[in-house]
Amino acid sequence: MSANANNVSYICVKDAVERGFGSRVTIMRWVKDASVRSFRRGSFRMVCVEDLEARVASRERVVTEDELVRRLARQIANAAPVLSPEGREHLARLLR
């Protein structure tokens, strides 16, 4: 479902999800924090397409190679098992 109000395009939340703007929860959070304009039309919540596009664009940014390496290192570190003191010593000997 779509609508135009004051030359601004609106779509229902279901359509916004289907178009890939985000999950229902994410879109409703944006509505709640007023970063996406919306209004009720009967049982439908209508959201501003331009605001959705702006929110998605703000999430998409170029990731530098250094940042990517830091992210991957963090993921690897978080996935590693917790080592006992003996395990740390053993690992240190292996890495020498």
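Presented here is an overview of the structure given in this document. Here the structure is a predicted model, which means the values were calculated and not measured.

For the rest of this paragraph, the subject is the overall build of the protein. Helices and strands together make up the secondary structure of the protein, namely five helices and four strands. The linear arrangement of helices and strands in the protein, starting from the amino end, is β-β-α-α-β-β-α-α-α. Buried positions account for 24% of the 96 residues belonging to the protein. Across the protein, contacts joining residues at least 24 apart in sequence account for 49% of those joining residues at least 6 apart. Looking at the protein as shown, the accessible area adds up to about 7400 Å², and 54% of this sits on carbon and sulfur atoms.

With that out of the way, let us pick up the packing of aromatic side chains. The tally for this structure, following the rule as stated, stands at one aromatic pair. With a centroid separation of 4.9 Å and 70° between ring planes, the pair formed by Tyr10 and Phe39 is classed as edge-to-face. With Tyr10 in strand 2 (residues 8–12) and Phe39 in strand 3 (residues 38–41), this pair connects stretches of sequence that are 29 residues apart. On the accessibility criterion, Tyr10 (8% relative accessible area) is buried. For Phe39, a relative accessible area of 26% translates into the label partly exposed.

So, on to the pattern of salt bridges. All chains considered together, the criterion is met by four salt bridges. Of the charged contacts in the structure, one is a salt bridge between Glu18 and Lys14, with a shortest N-O distance of 3.9 Å. With a gap of four residues between them, Glu18 and Lys14 both fall in helix 1 (residues 13–18), about one helical turn apart. On the basis of relative accessibility, which here comes to 58%, the residue Lys14 falls in the exposed class.

The next subject is the nonpolar core. Among the nonpolar cores identified, the biggest contains 12 residues, and these are Ile11, Val13, Ala16, Phe21, Ile27, Trp30, Val31, Val36, Val47, Val49, Leu52 and Val56. Ignoring anything within four residues of it in the chain, the contact list for Ile27 reads Val13, Ala16, Val17, Phe21, Gly22, Val47 and Leu52. Core analysis: the next-biggest nonpolar cluster, separate from the first, contains five residues, Val8, Tyr10, Met46 and Cys48 among them.

In terms of strand pairing, strand 2 meets strand 4 (residues 44–48) through three bridges, oriented antiparallel. Looking at strand 4, one finds that Ile11 is bridged to Val47. In this sheet, strand 4 lies alongside strand 3 in antiparallel orientation, the contact comprising four bridges. Bridge pairing in strand 4 links Ser38 to Val47. With antiparallel pairing between neighbouring strands as the criterion, strand 3 and strand 4 make up a hairpin whose turn holds two residues, including Gly42 at a positive phi of roughly 65°.

Parameters at a glance
- Residues numbered from 1 in each chain as written.
- Predicted model: local features only at pLDDT ≥ 70, side-chain atom pairs only at ≥ 80, totals over all residues.
- Heavy atoms only, no water.
- Helix = DSSP H or I, 4+ residues; strand = E, 2+ residues; numbered from the N terminus.
- Buried < 20%, exposed > 50% of the residue type's maximum accessible area, 1.4 Å probe, protein only.
- Contact = heavy atoms within 4.5 Å.
- Areas by Shrake-Rupley, 256 points an atom, 1.4 Å probe, with all protein chains shown as cover.
- Phe/Tyr/Trp six-rings, centres within 6.5 Å; stacked < 30°, edge-to-face > 60°.
- Salt bridge = Lys/Arg side-chain N within 4 Å of Asp/Glu carboxyl O.
- Core = buried A, V, L, I, M, F, W, Y, C linked by side-chain atoms within 4.5 Å.
- Pairing = 2+ DSSP bridges.

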